[in-house]
Amino acid sequence: MCRTPALRLRQAIARTRDATRGRPPSGRPPEQADDVLGTFATDGALGFDPFPFLRALHDAGSRAVVIGQVAGILHGSAEPTGDLDLLWDGTPDEARALRDALTLCGCADPPDLDREQAGYRVTGAGGDLCTPALPWGAMDVAPCLARAETTYDPEGFTIRYAALDDLIRMRRALGRPKDRRRADELERLRT
């Protein structure tokens, strides 16, 4: 069992690549993921490789925090995914860093970062860029930014990701079937 989160994520992405090798496109983009299987069942999983964008975030000086299932994988979740969701503070400085990272990774049409949630697509990954202004039920996610954990990738960059307790609370706040299942899994990983 891999102990470092970055290596755990690299292994999970390799498993995703193996599991989707030869899988024909379905025509379903990640935005059409269902609430049970998630983005792994969409075309987002085909060729999913978040590492170039994670490196670009580091290189651009972004303080964005990985959330969603990629954060779950960093904590040890076994469920695959096909998207990379991020939480960021909504400030102009961070918006500049995100735009720089998006440009570095081939995003020709950057999303409107004045919104509380914006979808993005770069080579190898796509997902949502969320600010604390996005409704999370009764949860205030702003403190999650300061409590984020950091892992060091063997390729020489850092990845910031939601702390385990915060990620579990986010999952419970969203309450979809996949979020409840994944929160339960994360709870079991804690013991």
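Residues numbered from 1 in each chain as written. Predicted model: local features only at pLDDT ≥ 70, side-chain atom pairs only at ≥ 80, totals over all residues. Heavy atoms only, no water.

Side note on the nonpolar core
By size, the foremost hydrophobic cluster in this structure holds 50 residues, and its most contacted members are Leu-9, Phe-53, Leu-54, Val-66, Leu-84 and Met-170. Filtering out sequence-adjacent residues up to four positions away, Leu-54 remains in contact with Leu-9, Val-66, Leu-84, Phe-157, Thr-158 and Ile-159. (Core = buried A, V, L, I, M, F, W, Y, C linked by side-chain atoms within 4.5 Å. Buried < 20%, exposed > 50% of the residue type's maximum accessible area, 1.4 Å probe, protein only. Contact = heavy atoms within 4.5 Å.)

Considerations on the pattern of salt bridges
Tallied over the entire structure, the rule returns 13 salt bridges. The shortest N-O distance in the salt bridge between Arg-169 and Asp-166 comes to 2.5 Å. In this pair, Arg-169 and Asp-166 are both assigned in helix α6 (residues 164-174), 3 residues apart and thus about one turn of the helix distant. Here Asp-166 falls in the buried class, since its relative accessible area comes to 1%. The salt bridge partner of Asp-179 is Arg-176, with a shortest N-O separation of 2.5 Å. Judged by relative accessible area, Asp-179 falls into the buried class, the value being 0%. Salt bridges sharing common partners tie together Glu-79, Arg-181 and Arg-182. (Salt bridge = Lys/Arg side-chain N within 4 Å of Asp/Glu carboxyl O. Helix = DSSP H or I, 4+ residues; strand = E, 2+ residues; numbered from the N terminus.)

Describing the packing of aromatic side chains
Overall, the coordinates contain 1 aromatic pair when judged by the stated rule. Sitting over the ring of Phe-51, Arg-10 keeps its end group 3.8 Å from the ring centre. Taking the ring centre of Phe-40 as reference, the NZ or CZ of Arg-23 above it sits at 5.2 Å. (Phe/Tyr/Trp six-rings, centres within 6.5 Å; stacked < 30°, edge-to-face > 60°. Lys NZ or Arg CZ within 6 Å of the ring centre and 35° of its normal.)

Overview of the packing of α6 against helix α7 (residues 177-190)
Look at α6 against α7: their axes get within 8 Å of each other, and the N-to-C directions meet at 155°. With respect to α7, the element α6 is oriented roughly antiparallel. Here α6 and α7 pass one another in a crossing that is left-handed. Each of Leu-164, Asp-165, Leu-167, Ile-168, Arg-171, Arg-172 and Leu-174 in α6 lies in contact with α7, whose residues at this interface are Asp-179, Arg-180, Arg-182, Ala-183, Asp-184, Leu-186, Glu-187 and Arg-190. Residues of the contact of α6 with α7, tallied by class, amount to 6 nonpolar, no polar and 9 charged. (Axes fitted to C-alpha atoms, helices over the stretch in contact; angles between N-to-C directions. Parallel < 35°, antiparallel > 145°, perpendicular 65-115°, else oblique. Left-handed = near helix turned anticlockwise from the far one by under 90°. Nonpolar A, V, L, I, M, F, W, Y, C, P; charged D, E, K, R; others polar.)

Here we look at the layout of surface pockets
Taken as a whole, the largest pocket holds about 610 Å³ of empty space. Contributing to the lining of the largest pocket are 30 residues, with Asp-83, Asp-85, Gln-117, Asp-128 and Arg-176 lying nearest its centre. Secondary structure elements with two or more residues in the lining of the largest pocket: α3 (68-74), β3 (117-122), β4 (125-130), α6 and α7. Residue composition of the lining of the largest pocket, grouped by class: 10 nonpolar, 8 polar and 12 charged. (1 Å grid on protein atoms, 1.4 Å probe; cavity = no way out; pocket = protein on both sides within 12 Å on 5 of 7 lines; lining within 4 Å. Points joined across faces, edges and corners; volume = space filled by probe spheres on them.)

Quick notes on helix α1 (residues 5-20)
With 16 residues, α1 ought to run about 22 Å at 1.5 Å a step, and its terminal C-alpha atoms sit 22 Å apart, in line with that. Restricting attention to buried positions, one finds in α1 the residues Pro-5, Ala-6, Arg-8, Leu-9, Ala-12, Ile-13, Thr-16 and Thr-20. All buried residues of α1 fall inside an arc of 155° around its axis, so they share one side. Residues of α1 that are buried make contact with α2 (51-59), α3, β5 (149-153) and β6 (157-161). One or two residues past the end of α1 sits Gly-22, with phi positive at roughly 85°. (Expected span 1.5 Å × (residues − 1). Arc of directions from axis to C-beta.)

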